[in-house]
Amino acid sequence: MAGGAQAANAGEKDKGHTILEAIELSDESDDEFAYEELPDEPELVDDDEETLDDINRLLAETKPSDRTQVAPAADGPAKVQQRPQVIDDFFRNFLIKNGMKRSLDTFQTEWYELQQTGKFKDSELEVVPDIYTRNHGLHEEVIMLRNEVEKARQVAQTAKQSWDKFRKERDFHRMHHRRVVQEKNKLIVDLRRLKKHYEQYEPTLTELKHKYEVAMKEKMLMRLERDRFLSKVETLQKQLSQVQADAKDEPMNQEEQLGETSRRMKQAPWPSEDRTNPYANSNFDAARVSDLKKSQTFKGHLGAVSRIAFHPKIPVVATACDDHTWKMWSMPEGQLVLSGEGHRDWVSGVAFHPRGSLVATTSGDFTVKIWDVAKERCKHTLTDHNQAVWACAFHDLGDFLVTCSMDQTTKAFDMQSMRCRQTFRGHVDSVNYVTFQPFSNNVLTASGDKTVSMWDLRTGLCVQTFYGHANACNQAVFNNKGDTIASCDSDGIVKLWDVRVVSEYLQIDTGQHPANAASFDRSGKVLAIASGDASIKTFNVEERVFVANLEGHDDSVQDVAFEPTGDKYLLSASSDASFAMWQ
């Protein structure tokens, strides 16, 4: 009975409540708390994307890392930890401690019955709460949260400073952009205004251009008229001088005058094809160009010496110059024999008649003049070309003269009637050089259209064209046998062609400067090339080797020629207003 009374007293005590601390909760507690009002920033409202990025970055920095959640491994000695008590263990320990065995049996019986029937909730089977442990854990959590709040405040302060900096830069760039846009708009307005202003001047400019073209045409017509009248005046002066000179000479009788007139009106026959070349079977020794040295320099011109030619019978040479004159010199002394003046522009070519009594000169004044050496006067002027004439050559019989011009034609003149008997047309650029094949009726031309052509004197047709040069051909010459052609171009390339098989068999590269002229020696084995680098390059075409480089001029070498009778010396004409002897 006593045990039952104690159990009943204990049950009544358990039904009471234990009050640890009385806390009064009021609904008006939230209203009494002083909230801090933050000022609104319109910039933050405007730039939602940038603020969202800062918040995400702030959350990423304040998020506790996984490392803090993992308990560090216990490196020291093992520690004994007390397992927290659950509800049923708490009651059992209490009953055992007080010696209440029958109450313990009754408690266990009812506990297991209720547990088996599932009448307990999960929240009723929790561990008995330890107030100190829970308070300690909450305290640590509060400290951690305060640290995180402090760190978040620092990050927010840094973010605010960065935001202020970016906002200032944004305002600066925005202002700069507005200024640039204003300047661009101003420039667009100025351009439109200038365009309208220019459109106002467009009709005036068109009218002035038309007036300028009309004035230039009238100027050119006046120049042509002036040149024509000057030519007439010069012709009349020449005729007057000739009449005065003839008046001083012995007057010809009437029969001689009639014979001269009939001889002029009579045309020379075309040369025959049955002639043989006297040099065809000859065999001369090659010129010893390796021993050549400059022995003399002759300075008698005021401009570049463009061409040099030997007299066919006596030791005399003729030179053509850009100073509008041509001159004859005795060799090897170099004394001036004759000076021809009469061209109104540079003299480009000079050639002796086979009998040596006449000299033909070509000039940039579109004319070809025939000079009588004995009488020292101009005998005739040929004006058939309508542009500058580059070169001329006499036939070996002396009845015909061929000339080449910038007007893309080559003409053959009859020396008896002084008329043009043949015109060779086919080149599409300036014809720079012309010569005859030795002792034949074939004419050789070199043109600026990069080709070398052979023509028949009697028919005026092209016999053969040699292709291969990559630039304008400056000159083309035969050897004495007439079976080899040497052509040179402005790229410094010299090609040797076999006339019999019509093919190239040797190419010589003289360098970057143009090859202006070339000349074979009497044997045809040595070739001298006038180069634009102020030197003369000599080659042995039989052995295909370079022999010597003759240097001595101060400017480009324009022409070169071997002494025709025995290769005693070599002459060269240069743009330094001189010609030199090499022996």
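Calculation notes
Residues numbered from 1 in each chain as written. Predicted model: local features only at pLDDT ≥ 70, side-chain atom pairs only at ≥ 80, totals over all residues. Heavy atoms only, no water. Helix = DSSP H or I, 4+ residues; strand = E, 2+ residues; numbered from the N terminus. Buried < 20%, exposed > 50% of the residue type's maximum accessible area, 1.4 Å probe, protein only. Contact = heavy atoms within 4.5 Å. Areas by Shrake-Rupley, 256 points an atom, 1.4 Å probe, with all protein chains shown as cover. pLDDT = per-residue confidence, 0-100. Salt bridge = Lys/Arg side-chain N within 4 Å of Asp/Glu carboxyl O. Expected span 1.5 Å × (residues − 1). Arc of directions from axis to C-beta. Pairing = 2+ DSSP bridges. Axes fitted to C-alpha atoms, helices over the stretch in contact; angles between N-to-C directions. Phe/Tyr/Trp six-rings, centres within 6.5 Å; stacked < 30°, edge-to-face > 60°. Lys NZ or Arg CZ within 6 Å of the ring centre and 35° of its normal. Core = buried A, V, L, I, M, F, W, Y, C linked by side-chain atoms within 4.5 Å. Disulfide = S-S within 2.5 Å. Polar contact = N/O pair within 3.5 Å; in protein donor to acceptor, adjacent residues only side chain to side chain. Patch = residues over 30% accessible without salt bridge, like charges linked within 9 Å, V, L, I, M, F, W, Y side chains within 5 Å.

Q: Give a detailed account of the overall build of the protein chain, specifying residues and quantitative values.
A: When you go through the protein chain residue by residue, the secondary structure sums to 9 helices and 28 strands. Looking at the protein chain as a whole, 35% of its 583 residues are labelled buried. The long-range fraction of contacts in the protein chain, counting pairs at least 24 apart against all pairs at least 6 apart in sequence, stands at 47%. Counting only carbon and sulfur atoms, one obtains 52% of the accessible surface of the protein chain, whose full area is about 38300 Å².

Q: For the confidence of the model for the protein chain, give the residues involved together with the corresponding values.
A: Summarising the model, the protein chain shows a mean pLDDT of 83, and 80% of its residues fall at 70 or more. With pLDDT under 50 throughout, residues 25-33 is counted as low confidence; its partners more than four residues away or in other chains account for 1 contact. Long-range and interchain partners of residues 42-48, a stretch whose pLDDT sits below 50, account for 7 contacts in this model, where long-range means more than four residues apart.

Q: Now, about the pattern of salt bridges: what can you tell me, with residues and values included?
A: Inspection of every chain in the model, using the stated rule, returns 20 salt bridges. Put simply, Arg179 and Glu183 hold a salt bridge, and the shortest N to O gap is 3.2 Å. Highlighted residues: Arg179 and Glu183, both in helix 8 (residues 131-248), separated by 4 residues, approximately one helical turn. According to the relative accessible area criterion, Arg179 is partly exposed, its value standing at 41%. With a shortest N-O distance of 3.8 Å, Arg500 and Asp483 are connected by a salt bridge. Of the two residues, Arg500 is situated in the loop between strand 20 (493-498) and strand 21 (503-509) and Asp483 in the loop between strand 18 (473-478) and strand 19 (484-489); the sequence distance between them amounts to 17 residues. Among the residues examined, Arg500 registers a relative accessible area of 63% and is labelled exposed. A single salt-bridge network, built from bridges that share partners, covers Asp483, Asp498 and Arg500.

Q: Kindly report on helix 7 (residues 101-117), identifying the contributing residues and their values.
A: Turn by turn, an α-helix covers 3.6 residues, leaving residues three or four places apart pointing in a common direction. With 17 residues, helix 7 ought to run about 24 Å at 1.5 Å a step, and its terminal C-alpha atoms sit 24 Å apart, in line with that. Turning to helix 7, its buried residues number three or more, namely Leu104, Phe107 and Trp111. Projected down its long axis, helix 7 shows its buried positions confined to an angular sector of 65°, all on one face. Looking at helix 7, the residues exposed on the side facing more than 90 degrees away from the buried face are Arg102, Gln116 and Thr117. Elements in contact with the buried residues of helix 7: helix 6 (87-97).

Q: Describe the sheet that holds strand 3 (residues 316-321), with residues and values.
A: Overall, antiparallel pairing links the 4 strands, which are arranged 2-3-4-5 in an open sheet. Since the sheet does not close on itself, it has two edges, and those belong to strand 2 (305-310) and strand 5 (335-341), each with one partner. Strand-to-strand, the axes of this sheet are offset by a mean angle of 20°, without reference to chain direction. Relative to strand 4 (residues 325-330), strand 3 is paired through 5 bridges, and the arrangement is antiparallel. Looking at strand 4, one finds that Val317 is bridged to Trp329.

Q: Can you break down the sheet that holds strand 18 residue by residue, with the values?
A: In spatial order, the strands read 18-19-20-21; together these 4 strands make up an open sheet with antiparallel pairing. Only two strands of the sheet have a single neighbouring strand rather than two, namely strand 18 and strand 21. Shown here is a sheet whose adjacent strand axes are inclined to one another by a mean of 20°, direction ignored.

Q: So what's going on with the packing of aromatic side chains? Residues and values would help.
A: What the rule picks out here adds up to 13 aromatic pairs. When the ring of Tyr279 is compared with that of Phe439, the centres are 6.2 Å apart and the planes differ by 40°; the resulting orientation is tilted. Residue Tyr279 is found in the loop between helix 9 (254-265) and strand 1 (294-298), and its partner Phe439 is found in the loop between strand 14 (431-436) and strand 15 (442-447); the two are separated by 160 residues along the sequence. Among the residues examined, Phe439 registers a relative accessible area of 28% and is labelled partly exposed. Every member of this aromatic cluster is reached through a ring pair, and the members are Phe91, Phe107 and Trp111. For the cation-ring pair, Arg421 lies above Trp270, with the distance from its terminal atom to the ring centre recorded as 4.5 Å.

Q: Which residues make up the pairing of strand 4, and what are the values?
A: Within a regular strand, side chains alternate between the sheet's two faces. Burial of strand 4 is extensive: 6 of the 6 residues sit out of reach of the surface. Residues Thr325, Lys327 and Trp329 of strand 4 are buried on one face, and the alternating residues Trp326, Met328 and Ser330, pointing to the opposite face, are buried as well. Between the antiparallel neighbours strand 3 and strand 4 lie 3 residues, among them His324 with a positive phi of about 75°. Two strands pair when backbone bridges link them, and strand 4 and strand 5 are joined in this way by 6 bridges, in the antiparallel orientation. Bridging from a neighbouring strand, Trp329 pairs with Leu336 of strand 5.

Q: Please set out the nonpolar core residue by residue, giving values where relevant.
A: By size, the foremost hydrophobic cluster in this structure holds 40 residues, and its most contacted members are Val402, Val443, Leu457, Ile485, Val494, Ile508 and Leu527. Excluding anything up to four places from it in sequence, Leu527 contacts Ala486, Val494, Leu496, Ile508, Ala518, Ser519, Phe520, Lys537, Thr538, Phe539 and Val541. Grouped together as the second largest cluster of nonpolar side chains are 16 residues, Ala548, Leu550, Leu570 and Ala580 included.

Q: Pulling in residues and values, what's your account of the pairing of strand 9 (residues 377-382)?
A: Judged from the 5 bridges that link them, strand 8 (residues 368-372) and strand 9 form a sheet pairing that is antiparallel. Bridge assignment links Trp371 to a residue of strand 9, and that residue is Cys378. The antiparallel pairing of strand 8 with strand 9 creates a hairpin that spans 4 residues between the two strands, and Glu376 there sits at a positive phi of about 55°.

Q: Can you lay out the state of the cysteines for me, pointing to particular residues and giving the numbers?
A: Note on terminology: a disulfide is the covalent bond linking the sulfur atoms of two cysteines. Overall, the coordinates contain 0 disulfides when judged by the stated rule. As a non-bridged cysteine, Cys392 has Cys404 as the owner of its nearest cysteine sulfur, 8.3 Å distant. Residue Cys392 is classed as buried on the basis of its relative accessible area of 8%. Free cysteine: Cys488, not disulfide-bonded; nearest cysteine sulfur from Cys473 at 7.9 Å. According to the relative accessible area criterion, Cys488 is buried, its value standing at 0%.

Q: Run through the side chain of Thr319, naming residues and quoting values.
A: Of note, Thr319 is situated in strand 3. Exposure remark for Thr319: the relative accessible area of 0% places this residue in the buried category. Looking at Thr319, its side chain comes within polar contact range of the side chain of Trp329, at 3.0 Å.

Q: Which residues make up a nonpolar patch on the surface, and what values do they have?
A: Residues Tyr198, Tyr201, Leu205 and Leu208 make up a contiguous nonpolar surface patch of about 430 Å² in total accessible area. Mapped onto the fold, Leu208 is located in helix 8.

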